[in-house]
Structure formats: C-alpha cells, structure tokens
Protein chains: 4
Amino acid sequence: MADFIGHAFPGSFFLLFGLWWSVKFPLKHACRKNKKVFYLGSKAGFQRAEIIEGIVKAVCALIGILGEQFIPNGPHLKLYNYKAQEWNHLKNWQHSTMYLFYGLSGVVDILTHATNVPVAFDRLMMSLAEFVEGYLFYFHVHGRAMLVVHIHILLLTAIFGTALCFFLEVFCRGNIVLELLRTSLFILQGSWFWQIGFVLFPPSGGPEWDQNDHNNMMFITMCYCWHYAFALLLLAVNYTVVTWVVRIKMKGAKPMEMELLKTSGQEQESEDEI
Amino acid sequence: MADFIGHAFPGSFFLLFGLWWSVKFPLKHACRKNKKVFYLGSKAGFQRAEIIEGIVKAVCALIGILGEQFIPNGPHLKLYNYKAQEWNHLKNWQHSTMYLFYGLSGVVDILTHATNVPVAFDRLMMSLAEFVEGYLFYFHVHGRAMLVVHIHILLLTAIFGTALCFFLEVFCRGNIVLELLRTSLFILQGSWFWQIGFVLFPPSGGPEWDQNDHNNMMFITMCYCWHYAFALLLLAVNYTVVTWVVRIKMKGAKPMEMELLKTSGQEQESEDEI
Amino acid sequence: MADFIGHAFPGSFFLLFGLWWSVKFPLKHACRKNKKVFYLGSKAGFQRAEIIEGIVKAVCALIGILGEQFIPNGPHLKLYNYKAQEWNHLKNWQHSTMYLFYGLSGVVDILTHATNVPVAFDRLMMSLAEFVEGYLFYFHVHGRAMLVVHIHILLLTAIFGTALCFFLEVFCRGNIVLELLRTSLFILQGSWFWQIGFVLFPPSGGPEWDQNDHNNMMFITMCYCWHYAFALLLLAVNYTVVTWVVRIKMKGAKPMEMELLKTSGQEQESEDEI
Amino acid sequence: MADFIGHAFPGSFFLLFGLWWSVKFPLKHACRKNKKVFYLGSKAGFQRAEIIEGIVKAVCALIGILGEQFIPNGPHLKLYNYKAQEWNHLKNWQHSTMYLFYGLSGVVDILTHATNVPVAFDRLMMSLAEFVEGYLFYFHVHGRAMLVVHIHILLLTAIFGTALCFFLEVFCRGNIVLELLRTSLFILQGSWFWQIGFVLFPPSGGPEWDQNDHNNMMFITMCYCWHYAFALLLLAVNYTVVTWVVRIKMKGAKPMEMELLKTSGQEQESEDEI
C-alpha cells in the first residue's frame, strides 16, 4: 500500500525480527561458550524458538498478503481488470508477491526444524526471499521522482546485503559475525521502512519534502548511514546485556549443574551438521 | 529461431533437465543417508545416469544446432552472404553457438564420468555453457522494444545465477543446497522460455502485447517471481515424494541387505575426491 | 573540508596506518615462522599494539569530526539552517559521518582485544567503515566536473577493495596475503588523497587543471596505477628489511631462548580462534 | 602502439604463456597422480620452470616497455610536452604501465620461488597485473567508435576473469580446475589480441570494417565465443596428449623407480604450504 501504514507494517516486521535476533544470537553464542549454564533449556529451546520464528514469519506474511489484497481499494485477488483493459492494482500484487516469499521462508523454517530436511534450506530460502524483495523493488521505482528512487535504492543495499549474508550462512552456518551482520542489516531495513514512510507520507500532515532537491538526496544518504550506526549501537548494547546476564546466571548456577558437563559436550558436535 | 518453436525447444530442454534433477538429487541425498537401501544400484547407477545425461545433453544440442542451421530460412552453414554483402542470418548462428557450448558440456560430462579426467570439469563446463548463453543474450537484445529487452533481461538472472551455482559446485561438489538451487533456477529458465514464447509469439494468434506499456513490464517482473515460486513448489513436492518413497523401500529392505552395510561405508568416501 | 587540508588529513591518516601495517604484518609473519625469537614480547606485544591502534584510530576520527564541525565556516553541530530553509553544510556532516564509522571501528578494536568479544568483529567493523566511506563518496560527487568525479571514482576502487579484503579476513584471519593486500590498498588510498588535494586545490597557487580535458583523465588513471606500483614497492622494501632484521636477531638470540621453545608452540594454536 | 604489431606482440605473449601452461598444468597433475614417474625431475624441475617463467615474463615486459617508449614516434620517456602544453603520447605511457605490472609480476615470481617469500604472492601479483590491465583498458576506449569499444569490452571479460581466477588461486593453490580455467582465458586473451589487430588494422590492407554496423558487433560477440571454444579444444587436446605420454612413460619406468616411492610421498606434503 503506498501510504504510511504500507511502510510501517513491513518496517515493524523487520524491526521485530532484527531485535529478536539481536538477543537470540548473543544468547546462543554465550550459551555455546558456557555449556553448563542453561544447558537443559538451550538445545531444545533454540529448536523450539526456530519453529516459533517460522510460524510468526508465515503469519506476518499472511497478514501482509491479506492486507494488500482486501483493503478497500485493493485488487481483491482479481489480477486483470477486463473493463479498463489493464492490470488491476499491480503494486498491491507486487507487495503480495514479496510477502509470499517470506511466507514460503516461514514454512521452510518450520519444515527444516521440525522434520529432517537439511537445515541449510532455511538460510537459502531467506536469502531467496530477500533477493526477490530487492529484485521487485529494483524494477518498482522505475521512472518516479528522484528522491523516491534514491530512498528505495538505498534500501536495496540493506536488502541485497542481507541476501548475501544469508547465502554465506548456507556455507558458514552458526558464524556469529555473519549472524550479527545480517541482524544489523535487518534492523536497518526495518527502521528505514519507517523513515521512508515519514519522508514520503508525513503522517503529521506536515509539508512534503522537495523530491528533486539535490541537498535532500545528500541528506538522505547520510541519514541512512546514521540509521546503520544506530542499528550497530543497539546491537552492541543488547550483546553486552545478554553476555552480562549469562555470566551472572552462570556464577549462581555452577555447582548444581556440574554433573551435566560431560554429556553436553558430546551432543554439541551434532549441531553443525548440514 | 525467432518464433514460438525457437523458444519452446530450449524451454523443454531446460525443463526436462530441471525435472530430472529435481528427482535425482533428492534421491541421491536420501541414498547417502540410508546407505543400505538401493545400495547395489546406487553408485554404479548414478555413474551411468551421469553418462546418459551427458549423451542426452549432447544430442539435444546437436538437434538444436541442426534445427537452427537447416530450417527453410536458415543459414545452411553459410556465414557470410557475399551477394548482399552482409552476415548471413546472424541470430541463427548465435543460437547455434549457444547450443555448441551445451554440446561441449555434454561431451565433457561423458569424458569425466567414463574416463579418469577430474570430475570437477563437468561443473566448470556447465558453468561456462551457462555463462556463454547469458553473455550472448546480453548483447543479443540491444536496441529492441522495451518489453522484449526486459523479458530477456529477467532471463539473465536465472542464467547467471545458474552459472554461479555451477561454479560454486566446482569447490563444494555434492552440496545438496547448491544442487537444488540450480535445479530450481533451471526449471525457472525452462518455464520462462515458454513464457517468452507465449508473450512474444502468441501461438493462439491472439492480440500481441503492447511492448511499450510500463504496466506490462511490471506485470512481467512479478510473473517471473511467480514462475520461481512455482519452481520451488515443484521441487518441494518432488523432494517430499522421493524421500518418502525411499523411506518406504528402506523399511521393507532392511533385513536382507544388512550384510552389505560395511563395504558400502568404505567406498562412499571415494566419491568426493576431485 | 573541501580544501587542501581536508584531503591531506585523511590522507595522512591512511598513510600512517598503511605504513605501520607494512611493518607490523611482515614482523608478525616472521615471528610466527621463528617462534623462538621475540617470543616473550610477541604475543602480548601484538595484543597491546592492536589496542593502541584502536585508540589512535578513535582519536584520529574524533579530531576529524571536531575539525569538520568547528572550523570557522563549519556547521557547529547544527544540522538544519532554519533561516535559509536548507541543510546546514551538508558536506562537513558527510565527512563527519565517515569519521564516525572509523571511530566506531577504533572502539570495536579496543573492545575485541581487551575483553572477550570475538576478535573477528574488528575486521568486520573496519570493512563496514570502509564500505560506508565508499558509499558516501559514491553519492558525493554526483553532478560535478568530469575530472572531479573521475578522481574520486578511482579512489572508490581502493576503498571497496579494502572493504572486501577486510570482509574476507573475517573468514581467513591472519592470512598474510590478504593483510598485505589491504595494506597496499591503504597506502594507495592515503597517497591518492594527497594527490587529489594537489590536483583540485594546488597549494602552491599554480594554475588549476582543466577539469574537462579528456587527456587529463587518461593521465590521472595512469597516475593512479603508478601510485599503486609505488605502494607495492614500499611494501616490498619494508617486508625485506623487517625479514632481514628478524633473521639477524634470531642468529644472536638462538642459544639463550632454546628453553622457551616448547611452551611457545602450544600457545600459538589459540591465536586463530574466532 | 595503435597498430597491428602493437596488438600482435601482447597477443603472442599471452598465447605463449597460455600454451605453455596448457602443457605444464596437465603434466603437473599427471605427475602428482603417478608420483613415481618423472620423480627425480619433477619437484626441482617445476621449481626451476617457475623461475624461468618469471624471467621470461619480466624480459617480455621489458621489451614491451622499451618498444612503447622508443619507437620512432614514441614518448622517449618524456611525460609532458611543454611546447604543445599537453601530455606526451599518453597511450604509449598507458601501455608501458600495463607492461610494468607484468614485469613486477615476473620479479615476484622469481623472488617467491628462489627465496622464501610466501609463494601465494606470485598469484596475487598476477591477479593485480591483470586487474590493472583491465582497469586501464576500461578507461582507455572512452568515446571511440562503437566497434572499437565493443571489441575491447569483450577483452575485459577474459582479463577480469583471469584476475578473479588468480585471486581464487591465492586461496586454492594447485586446484587443477582453476589452473586450466585461467589457462583457457589466457589463450583467449592472446588470440583475441590478434583478432583485434586483424579487425582494426587489417595487415593485408583490405577494406576496413564498418565500425558502426550493429551486425558487425553481433558477429564479433559470437566470434569471441568461438575463440573460446577453440581455446577449450586446444586445452583438451594438450591435456589428452600429456596424460597419454605420462602414462606410456610410466609403464616403462615402473620397475626401476619403485624404490623412490616412499621418500617422494613425504616431500609431496610440503608443496601446499603458504
């Protein structure tokens, strides 16, 4: 939907996942280093978390598709308008297609973690979902005002960056650097969707931006970098808090969990198999 | 050949191979996991399958070359038309060149699996064949109507994506994720060739598409993504069926093949050598 | 600052680091090969060197930011000029943003080497800092004279090349080839900043270059390659001198350090963990 | 030199090396598989071959530089023509710069194989030499006739492809697939230089090509692919002959070299260290 809500909804989706990952991956990393703590919960817990993630992703995508199709002036699943002899609300159909691939990714997440499909497919499918999103965006803004094009092109950096990260994770699964890099790019994408909403459809009803001013373009580029600096800062704070909490818990938990130490070591190995 | 058949033939070629691979790779993966089942057939069988694949590829390429050269208004192997002082049917020659590299790839397939040339060359040669196809396509559509250019540019994504996958397989041979990724891109390429045929040369004789309508371009881009979603779905169905059939067979086969278990384990190792 | 100093300062920053690395990495490599020599100092020494590097980087970035903000006709931290209804000194803000990311990289350097954050993050952060620099530069020169654009585009090769090297080092940490490659690109970037200063703002007050002469562009491209040849030469000289000094020292040091040999071997292993 | 000789000389250089490598790498591969044969000569022989290669490369580069500088209407090492107030024969200087980097690569070859500089630097330096060549070419043809630009752009594919191969070889040294891939690209580059010479400066004095005919461009693109098919064929023939000769020799040599078998195995390991 080409309005504020139409950018705020996907923005919230990406922010939600970005923030959750900024807690999950540091936690996973800390647990891996201190195998004894949280032992009982950790392996099965992360497995369950992945499945829930998949379900949330699929549900969000479904809401997105339904929202795009059934808003008052939406296409209502009709692709071609025979009366007007033209395609019917193509933008909504494009957005639905983007959501569709995230929905597929959610389903693949559930399948890989609940059945014994190779786990690497969840990363591949996310990579494809991001790629398709970027692909559609790339041809989406053809021939519109300079600022509108530029603000979406900037988004493409985050989108294709994320797609690349996910693709690399197919081969280096569990690499904390890649995981946090894509988390930061996800947060960036989410906050940038909100920014686009504010710039192109100011909800306060304020004056619109001059879409052909070169200075606005320069500012927007810089603003994008600030968003990223903010995403990195957020990630650093979450990382620190999570690591610190795990260390506190570890001190309290040490004595009683000593006996679990040996068995945990053996099962750890099987985590990385693809 | 710039007509419906000229797009349907390569489309069928890619679909044929895509569908076959969508059965072969899940089967191979399932057999690797359950070494006992299908043991006797598997190693030698897959070897023979590779050789047959190479032969089919080479024969298809030969048919393609002969078709391009000897259709009524084809070049009949004459490169330069001295009367008209111009190159003779350059498009047919370009298509022949594309087929030629697939033919070479077929020959290399046969050589690597029948003699002891390093097997990695089959992947490299396929990567080069795809790359040459994309390379020729890229310079092929220079200066034609917007929709024609766009519909071929979309194809380039699948082509170069496949080339990249094959190149990565030189280094990560037998990676199920890469194998299925390229299979999906192959199916996409095949079904998209058919789509191009239907759009540019409607066989039903219906009205032609408006080749300069921006909305048609947007629709075509989205349609491409739907083709890919369809290719992924097909792959998922085939994967599920194959895995399920192997599991059924495994249950029945267990007792009598127990004795083959040990020897199979040893020979398995030699498969990955390059 | 769009003047000679504004290019000489970052140029010196890059040259300083480039030259230091052209000594550090050959030294590290030589020490790794001759474990006995410099043993006591080496591990702890390099650790301390990394932290000092981080501090110097952060301080340089801070100086850069303050310089950009508080020069007489700078923005003084004011982003929007409400009187003139326009953004306030956007270029200085862009430069500040570039410095900011190097500052963050400096902080991450300190954190990774002083606490137990995974060390790979220092490489990732440098890669991001370089990428952001290149990203801002890319949109920076839009719509200016041909020579100005070209001279900055050339710089982008070094910048994105360095970003790629650092990113690869996340996965191949301690690879001497990558380390020296990025060192050479850093020196190139530094000396090229000086060159830009001399070409665009001749400090001697000489005649300006004709910014639209095609021959000047061709010369500048070639000149860039010469800078790189010079950077490689410098690297080769430093490499030779350092290796030679280490070998001299080794000969003198051999007898008395023999006893440290065994322990050093064991600790060496832990260096590569991420 | 913008004439036939100026393209034939580098073409011969690339062809020479391409042909030599098309013998060397299959030979090396065959020797590695049949360690006993050619044992005495092989290791030391290949070492010596690398050094001679480096010397030949450096000498060729030197001849190229001298030729570009001291032909009758060359720059004679004078960079700026103060009389005419313009750069002096920039093209010759650019070609000299290209040769310079190949010269540096030759020197690095000699150093890495004669002293104990890490061997991976020879690949890196060749990658840089190719990259610089491509880089200069890319800005070289700016603003000339369509066919001239296109015929050089095609060359860039081979050049950057080779640069990428060499860069990958830094990490996967001794990978036969990469070695033969770059050999084929080298042969392609060499034969294409000759082709450029024949097209742009027909030595027979025949009629020039129409440089703005779209059909000529399409033919040239296809012709480029045929050159590559020819390069692959040549490689295949050489590979077959070499492998066959080694096998013949092996049969004769078997009995008397059996005793060398054990020692050869141990030294083989040290080859891959970087």
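Identification of chain A as Transmembrane protein 45A-like isoform X2 from Microcaecilia unicolor is taken from an unreviewed UniProt entry. Its UniProt record gives chain A the following Subcellular location (unreviewed entry) comment, quoted word for word: "Membrane".

A short note on the overall build of chain A
Helices and strands together make up the secondary structure of chain A, namely eight helices and two strands. Reading chain A from its N end, one meets helices and strands in the order α-α-β-β-α-α-α-α-α-α. Partitioning the intrachain contacts of chain A with sequence separation of at least 6 by distance along the chain shows that 77% fall at a separation of at least 24. Total accessible area on chain A is roughly 12100 Å²; 68% of this is exposed by carbon and sulfur atoms.

Some points on the relation of the copies chain C and chain D
If you rotate chain C by 90° and push it 0.0 Å along the axis, it lands on chain D with an RMSD of 0.0 Å. On this basis, the relationship between the two copies can be described by a four-fold rotation axis.

Considerations on the interface of chain C and chain D
Taken residue by residue, the interface counts 29 residues in chain C and 28 residues in chain D. Across the chain C/chain D interface, buried area totals approximately 2600 Å², and carbon plus sulfur atoms make up 80% of it. For chain C, the biggest contributors to the area lost against chain D are C:Val177, C:Met218 and C:Met222; these three give 23% of the whole. Linking chain C with chain D are zero salt bridges. Every element with two or more residues in the side of chain C that touches chain D is listed here: helix H1 (4-33), helix H5 (146-171), helix H6 (176-200) and helix H7 (214-257) of chain C. Per element, the largest residue contribution to the side of chain C that touches chain D is 15 residues, and it comes from H7(C). Residues belonging to the side of chain C that touches chain D are distributed by class as follows: 19 nonpolar, eight polar and two charged.

Here we look at the interface of chain B and chain D
Of the residues lining the interface, 28 residues belong to chain B; the matching set on chain D comes to 29 residues. Ranking the residues of chain B by area buried against chain D places B:Trp87, B:Tyr135 and B:Phe139 at the top, with a combined share of 23%. Linking chain B to chain D there are zero salt bridges. Applying the counting criterion to the chain B and chain D interface returns four residue pairs in polar contact (both at pLDDT 80 or more). When contributions to the side of chain B that touches chain D are tallied by element, the ones reaching two or more residues are helix H3 (90-114), helix H4 (120-140) and helix H5 (146-171) of chain B. The element that contributes the greatest number of residues to the side of chain B that touches chain D is H4(B), accounting for 11 residues. Along the lines of polarity and charge, the residues of the side of chain B that touches chain D split into 22 nonpolar, five polar and one charged.

A word on the confidence of the model for chain A
All names here are of chain A. Counting all residues, the mean pLDDT for chain A is 86, and 88% of those residues have values of 70 or more. Here helix H8 (residues 261-268) is the element of chain A with the lowest mean pLDDT, 43, and helix H6 (residues 176-200) is the one with the highest, 95. Segment residues 256-274 is flagged for pLDDT under 50; beyond a separation of four residues in sequence, or across chains, it makes 24 contacts in the model. Overall fold confidence for the complex sits at a pTM of 0.90, while the interface term, ipTM, reaches 0.88.

Regarding the pattern of salt bridges
Under the criterion given, the structure shown has 36 salt bridges over all chains. A salt bridge links A:Arg173 to A:Asp122, with the nearest nitrogen and oxygen atoms 3.2 Å apart. In this pair, A:Arg173 is assigned in the loop between helix H5 (146-171) and H6 and A:Asp122 in helix H4 (residues 120-140), connecting sequence segments 51 residues apart. Measuring nitrogen to oxygen at the nearest pair gives 2.6 Å for the salt bridge that ties C:Arg182 to C:Glu169. Highlighted residues: C:Arg182 in helix H6 and C:Glu169 in helix H5, separated in sequence by 13 residues. Accessibility assignment for this pair places C:Arg182 and C:Glu169 in one class, buried.

Concerning helix H3 (residues 90-114) of chain D
Taking 1.5 Å of rise per residue, the 25 residues of H3(D) would be expected to cover 36 Å, and the 36 Å separating its terminal C-alpha atoms lies within 8% of that figure. Counted residue by residue, H3(D) has 18 buried out of 25 residues, so it is predominantly covered.

Regarding unusual backbone geometry
Positive phi, normally seen in glycine, also occurs at B:Leu77, with a value near 65°. Tracing the backbone shows B:Leu77 in the loop between helix H2 (39-70) and strand S1 (80-81). Look at B:Leu77 and you get exposed, because its relative accessible area is 54%. You will see that D:His89, though not glycine, has its phi angle at about 50°, which is positive.

Things to note about the environment of C:Leu77
In sequence terms C:Leu77 and C:Gly190 are 113 residues apart; their C-alpha atoms lie 27 Å from each other. Beyond its immediate chain neighbours, meaning those up to four positions away, C:Leu77 contacts C:Gln69, C:Phe70 and C:Trp93.

Things to note about a nonpolar patch on the surface
All names here are of chain A. Together, Leu233, Val237, Val241, Trp244, Val245 and Ile248 give the surface a local cluster of nonpolar side chains, amounting to about 580 Å² of exposed area. Along the chain, Val241 turns up in helix H7 (residues 214-257). What makes Val241 partly exposed here is its relative accessible area of 45%.

What to know about the UniProt feature "transmembrane region" (unreviewed entry) in chain A
Cross-referencing UniProt, the feature "transmembrane region" (unreviewed entry) maps to residues 6-23, 99-121, 141-168, 180-201 and 226-246 of chain A in the present numbering. Along residues 141-168 of chain A one finds 82% helix and 0% strand; the C-alpha atoms at either end are 28 Å apart.

Quick look at the environment of A:Cys31
By the element assignment, A:Cys31 lies in helix H1 (residues 4-33). Taking the C-alpha atoms as reference, A:Cys31 lies 29 Å from A:Glu130; in sequence the two are 99 residues apart.

Observations concerning the side chain of D:Glu50
Mapping D:Glu50 onto the fold places it in helix H2 (residues 39-70). Here D:Glu50 is in contact with D:Lys24, D:Lys28, D:Asp109 and D:His113, once residues within four sequence places are set aside.

Observations regarding the packing of helix H5 (residues 146-171) of chain D against helix H6 (residues 176-200) of chain D
All names here are of chain D. As a packed pair, H5 and H6 sit with axes 9 Å apart at the nearest point and diverge in direction by 160°. By the angle class used here, H5 and H6 are roughly antiparallel. Relative to H6, H5 is oriented so that their crossing is left-handed. Grouping the constituent residues of the contact of H5 with H6 by class yields 20 nonpolar, four polar and three charged.

Quick notes on the packing of H1(A) against H6(A)
Residues and elements named next belong to chain A. Direction vectors running N to C along H1 and H6 enclose 160°, while the axes themselves pass 7 Å from each other. Our classification of the angle between H1 and H6 gives roughly antiparallel. Both H1 and H6 take part in a crossing whose hand is left-handed.

Quick look at the packing of aromatic side chains
Under the counting rule described, the total for this entry stands at 120 aromatic pairs over all chains. Ring centres of C:Phe4 and C:Trp194 lie 5.8 Å apart, and the angle between their planes is 75°; on these two criteria the pair is classed as edge-to-face. One end of the pair, C:Phe4, is in helix H1; the other, C:Trp194, is in helix H6, and 190 residues separate them in sequence. When the ring of D:Phe14 is compared with that of D:Tyr102, the centres are 5.7 Å apart and the planes differ by 80°; the resulting orientation is edge-to-face. Of this pair, D:Phe14 sits in helix H1 (residues 4-33) while D:Tyr102 sits in helix H3, and the two are 88 residues apart along the sequence. Exposure remark for D:Tyr102: the relative accessible area of 3% places this residue in the buried category. An aromatic cluster of three or more residues is present, and its members are A:Phe13, A:Phe14, A:Phe17, A:Trp21, A:Phe25, A:Tyr102, A:Phe137, A:Phe166, A:Phe186 and A:Phe193. The positively charged end of A:Arg182 is found above the aromatic ring belonging to A:Trp21, 4.5 Å away from the centroid.

With respect to the state of the cysteines
The tally for this structure, following the rule as stated, stands at zero disulfides over all chains. A:Cys172 provides the cysteine sulfur closest to C:Cys172, a residue in no disulfide bond, and the two sulfurs are 9.4 Å apart. According to the relative accessible area criterion, C:Cys172 is partly exposed, its value standing at 27%.

About the thresholds
- Residues numbered from 1 in each chain as written.
- Chains lettered and ligands numbered in written order.
- Predicted model: local features only at pLDDT ≥ 70, side-chain atom pairs only at ≥ 80, totals over all residues.
- Heavy atoms only, no water.
- UniProt positions renumbered as here; feature names shortened; annotations may be inferred.
- Helix = DSSP H or I, 4+ residues; strand = E, 2+ residues; numbered from the N terminus.
- Contact = heavy atoms within 4.5 Å.
- Areas by Shrake-Rupley, 256 points an atom, 1.4 Å probe, with all protein chains shown as cover.
- Least-squares fit on C-alpha atoms with pLDDT ≥ 70 in both.
- Buried area = accessible area lost by both parts, 1.4 Å probe.
- Salt bridge = Lys/Arg side-chain N within 4 Å of Asp/Glu carboxyl O.
- Nonpolar A, V, L, I, M, F, W, Y, C, P; charged D, E, K, R; others polar.
- Polar contact = N/O pair within 3.5 Å; in protein donor to acceptor, adjacent residues only side chain to side chain.
- pLDDT = per-residue confidence, 0-100.
- Buried < 20%, exposed > 50% of the residue type's maximum accessible area, 1.4 Å probe, protein only.
- Expected span 1.5 Å × (residues − 1).
- Patch = residues over 30% accessible without salt bridge, like charges linked within 9 Å, V, L, I, M, F, W, Y side chains within 5 Å.
- Axes fitted to C-alpha atoms, helices over the stretch in contact; angles between N-to-C directions.
- Parallel < 35°, antiparallel > 145°, perpendicular 65-115°, else oblique.
- Left-handed = near helix turned anticlockwise from the far one by under 90°.
- Phe/Tyr/Trp six-rings, centres within 6.5 Å; stacked < 30°, edge-to-face > 60°.
- Lys NZ or Arg CZ within 6 Å of the ring centre and 35° of its normal.
- Disulfide = S-S within 2.5 Å.

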